[in-house]
Amino acid sequence: MEHIMNNVPDYIVKVQDAYKTYSDFSFSKTEVFKGLNMTVEKGSIYALLGPSGCGKTSLLKCIIGQSQIDAGEITLKVQNRSKIGYMPQDLALVDEITIKETLNYYGWIYGIRGKKLEERKKILFSFLEVPSEHKKVMHLSGGQKRRVSLCLALVHDPDLLILDEPTVGIDPVLSSSIWQFLLELSNEKNKTVILTTHYIEEARQSNKVGMMRGGVLVAEGEALSIMDQHGCNTLEEAFIKLSYIQESEENDIRENMPKPSGKPKLPLQDKKLISFNGFMGYFLKSLYSFKYSSLGWFLLFFLPISTCIMFQYSIGRSPRGLVVGIVNEELSLQHGNCNKFSNLTCFPAFCGYLPLLEKKDIIVVFFNDTATALTNIVENKIHGVMYIPENFTESLQERLYKGMRTSENAVEQSEITVWVDTTNKVIADFLKNTIYFTFFDYLKQLSLMCQWTVSHSLLPIQYNEAIYGKSVTEFSEFSVPGVILMMQFFLPVAYMIPILQDKRSGIIARSLISGLTHLEILAAYTAMTTILFLVQTACNVVTLYGIYGHVFEGSATLAFMLLFLVGFNGLCFGMFVVVFCDRELLAAFMTLGVMVCNGVLCGLFWTPEGMHPILQSIDWILPLTLGSNAYRSITMRAWSLSHPVIYNGFLSIILWILIFCFATYGLIKLKKGSWS
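Residues numbered from 1 in each chain as written. Predicted model: local features only at pLDDT ≥ 70, side-chain atom pairs only at ≥ 80, totals over all residues. Heavy atoms only, no water.

**Looking at empty space enclosed by the protein**
- Overall, the coordinates contain two cavities of 30 Å³ or more when judged by the stated rule.
- Lining the largest cavity we find R120, L154, D157, P158, L161, L185 and K191.
- A per-class count over the lining of the largest cavity returns four nonpolar, no polar and three charged. (1 Å grid on protein atoms, 1.4 Å probe; cavity = no way out; pocket = protein on both sides within 12 Å on 5 of 7 lines; lining within 4 Å. Points joined across faces, edges and corners; volume = space filled by probe spheres on them. Nonpolar A, V, L, I, M, F, W, Y, C, P; charged D, E, K, R; others polar.)

Here is the structure:
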């Protein structure tokens, strides 16, 4: 009796009474497994057969822990994921990198490097006929990619090999070679192989066949035994016969199917959070991908530098070359122009005022009457019109000397009438301010050069030197911190988007099955992205402050610390986006929405004091509001960390980093540990 028990084959995978359903958008459930039972003996080759959509791939994913059954039990007798070699049906290869770099990536994950890796590559490349290892994956044919994918599953010499359609798309000679290799692994090295295949007859070479249809195995056993039992000459004939039998019994199966009672544990419970090998593997993979990425290099150098240059020459500069029409009745009455008068400063008065306007880059065009000038405004040929009455100089002099005793006619004749097109507020405000303040400059000039008594006519307001910043400044100085912080926050998000591509192509899933953890993936990409946004920060700072000389009065160290935290905050937001979203388009819309809200509401380009009170009440909560105030105060006011505005800015950014990190962790938990 004891001798008989010792001859019982030891299983390595056992599935008992497995049930699984999928829900679609209409909330209807599709049954995938209906009490499925399956046993795979150690050191054997198990071929799983069945039509497309019958659940073969779903079963493999449940066995390796990528998916979870609703009820039942899956027992897996391997120590950890590094003992499993997995080849997915969709290959899941990084197209942009070379075969050598791909093997290096998985070598790090499995802890195989140096001579050991080279020895494995030599063996595998030889029998799989892998092309030159310096060739990029994207340049391989479908069959060559499948060979490389199989090579990755075998590189670490696993105890359990799970292959989803390993011979699809390759020539029969290579297919036969692969089967011989698998038989050698099973017979001589006691390795276990589970594979799916569309080619039913090739499954006759396996030790055991499982025929899957309608969520159950309609037959399981040796191929010849199944054929003999049902009186068939081929496996395909036997499968068809069994399918007809199952079809007639399907109603009874559904009636007797028990309801699932709670979800079981995953077959593999790896407790590892992070390791150096896993971190370095994904870091190198990210580095390899970036090396060949034109978009990555564009984002790193050209985009930030070109954005700074475009900002410098397009946003915040005072308007140049504005055209103003002049209707001067005083000169028309005297049939002359300003060039005919020797004393241009004092008489006629407007001739002294005009050069000061032209110094402000105002282009003047003379008209004979106001009707023609106003028509030119309507036709958008000029931006404004100034009308000078016929007795302007004489009336202005009387007004300056007599003050309150000036006659009504002199008051009327001493006024310059201005029409401005206000549809463009920036141009209209600039013209109004230029015309107004330039006239006061002219009055000061009269006081000095013509001895006119004008001091009492000036406004009783005197502007001293600015406490912070320049006395005369442009809007661009206010906008520079906004431009830097906007790029600092959102470019790291763009660097995180490739993780979505890895998710969609199955690379993340295959990496997790190979032994990587979510934390290792996020940590590696965080390190990679941190290096990139530090380079980007240097580009922004050198361009705007070093080359264009914008105001920077405070501590460079403090400003850099704040910029680093803003960039890291953007990186954490990017991690949340890639875990939350499944497609690049959804991530792009989500990022764009947050970008618009931050740009409009966070005070980057417009002061919050100009917003609606309701918006002001929530403005301070947003990720960049307090940070932008702090950065502007560091660079333009030279405030230190002890000032409340500065340390509140730092605390706000740190708080948002924690919020994004905990939200990302919560999403991973909500998705039951898998966001791939």
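**Regarding the pairing of strand β12 (residues 384-388)**
- Within β12, four of the five residues are buried, which leaves it mostly tucked inside the rest of the structure.
- Bridging between strand β10 (residues 322-328) and β12 involves five bridges; their strand directions are parallel. When the sheet's bridge partners are listed, V327 is paired in β12 with Y387.
- Relative to strand β13 (residues 417-420), β12 runs antiparallel, the two sharing four bridges. Bridging from a neighbouring strand, M386 pairs with V418 of β13. (Buried < 20%, exposed > 50% of the residue type's maximum accessible area, 1.4 Å probe, protein only. Helix = DSSP H or I, 4+ residues; strand = E, 2+ residues; numbered from the N terminus. Pairing = 2+ DSSP bridges.)

**Quick notes on the nonpolar core**
- Within the largest apolar cluster, 120 residues are counted, with the highest numbers of intra-cluster contacts made by L163, L182, V209, M211 and L235.
- Broken down by element, this core gets its largest block of residues, 14 residues, from helix α21 (residues 556-580).
- Discounting chain neighbours no more than four positions away, the residues touching M211 are L49, V216, L217, V218, A219, I226, L235, A238, F239 and L242.
- Within the second largest apolar cluster, 30 residues are counted, among which are I12, L36, V40 and L217. (Core = buried A, V, L, I, M, F, W, Y, C linked by side-chain atoms within 4.5 Å. Contact = heavy atoms within 4.5 Å.)

**Describing the packing of helix α20 (residues 518-547) against α21**
- At a minimum axis distance of 10 Å, the contact between α20 and α21 shows a crossing angle of 135 degrees. As the angle between them shows, α20 and α21 are arranged oblique. In this structure, the crossing between α20 and α21 has a hand that is right-handed. Only F560, L563, F564, G567, F568, L571 and M575 of α21 make contact with α20, whose side of the interface consists of L522, T526, T529, T530, F533, L534, T537 and V541.
- When its residues are assigned to classes, the contact of α20 with α21 shows ten nonpolar, five polar and no charged. (Axes fitted to C-alpha atoms, helices over the stretch in contact; angles between N-to-C directions. Parallel < 35°, antiparallel > 145°, perpendicular 65-115°, else oblique. Left-handed = near helix turned anticlockwise from the far one by under 90°.)

**A look at the packing of α21 against helix α25 (residues 644-670)**
- Interhelical geometry of α21 versus α25 gives an angle of 20 degrees and a closest axis separation of 9 Å. Taken together, the axis directions place α21 and α25 in an arrangement best described as roughly parallel. In the crossing of α21 with α25, the sense of the turn from one axis to the other is left-handed.
- Class assignment of the residues belonging to the contact of α21 with α25 gives a composition of 23 nonpolar, two polar and no charged.

**Quick notes on the packing of aromatic side chains**
- Tallying each qualifying case throughout the model produces 22 aromatic pairs.
- Pairing Y353 with Y442 gives two aromatic rings, centres 6.1 Å apart and planes at 45 degrees, and the pair type is tilted. Highlighted residues: Y353 in helix α12 (residues 349-359) and Y442 in helix α16 (residues 425-449), separated in sequence by 89 residues. Like Y353, the residue Y442 is buried in the burial classification.
- The rings of F489, F490, F573, W656 and F660 are connected pair by pair, giving a single aromatic cluster.
- Its end group placed over the ring of Y11, K14 keeps NZ or CZ at 5.1 Å from the ring centre.
- Its guanidinium or amino end placed over the ring of Y106, R510 lies 5.7 Å from that ring's centre, counting from NZ or CZ. (Phe/Tyr/Trp six-rings, centres within 6.5 Å; stacked < 30°, edge-to-face > 60°. Lys NZ or Arg CZ within 6 Å of the ring centre and 35° of its normal.)

**Things to note about the pattern of salt bridges**
- Considering all chains together, one arrives at 14 salt bridges under this definition.
- Ionic pairing is found between D157 and K191, a salt bridge with its closest N-O pair at 3.6 Å. Placement of the pair is D157 in the loop between α5 (142-154) and β6 (160-164) and K191 in the loop between α6 (172-189) and β7 (192-196), with a sequence separation of 34 residues.
- As a salt-bridge pair, K285 and D502 come within 2.3 Å of each other at their nearest N and O atoms. Linking K285 in helix α9 (residues 276-291) with D502 in helix α18 (residues 498-504), this pair joins segments that are 217 residues apart in sequence. Note on accessibility: K285 and D502 belong to one class, buried.
- If you follow the salt bridges from partner to partner, you end up with E118, K121 and E133 in one network. (Salt bridge = Lys/Arg side-chain N within 4 Å of Asp/Glu carboxyl O.)

**Here we look at the environment of R113**
- With respect to the helices, strands and loops of the structure, R113 is situated in the loop between α3 (99-110) and α4 (114-128).
- With ten residues separating them along the chain, R113 and L103 place their C-alpha atoms 9.6 Å apart.
- Setting aside its immediate chain neighbours within four residues, R113 contacts W108 and N277.
- Side chain to side chain, R113 and N277 meet in a polar contact 3.2 Å long. (Polar contact = N/O pair within 3.5 Å; in protein donor to acceptor, adjacent residues only side chain to side chain.)

**So, the sheet that holds strand β8 (residues 208-213)**
- Spatially, the six strands line up as an open sheet ordered β5-β6-β7-β3-β8-β9, and their pairing is mixed. Since the sheet does not close on itself, it has two edges, and those belong to β5 (84-87) and β9 (216-221), each with one partner. Strand after strand, the sheet turns through a mean of 15 degrees between neighbouring axes, direction not considered.
- Examined bridge by bridge, strand β3 (residues 45-49) and β7 share four bridges and lie parallel to one another. The residue bridging I45 from the neighbouring strand is V193, located in β7.
- Of the strands in this sheet, β3, β5, β6, β7 and β8 are in contact with helix α2 (residues 56-63), which crosses β6 at around 150 degrees.

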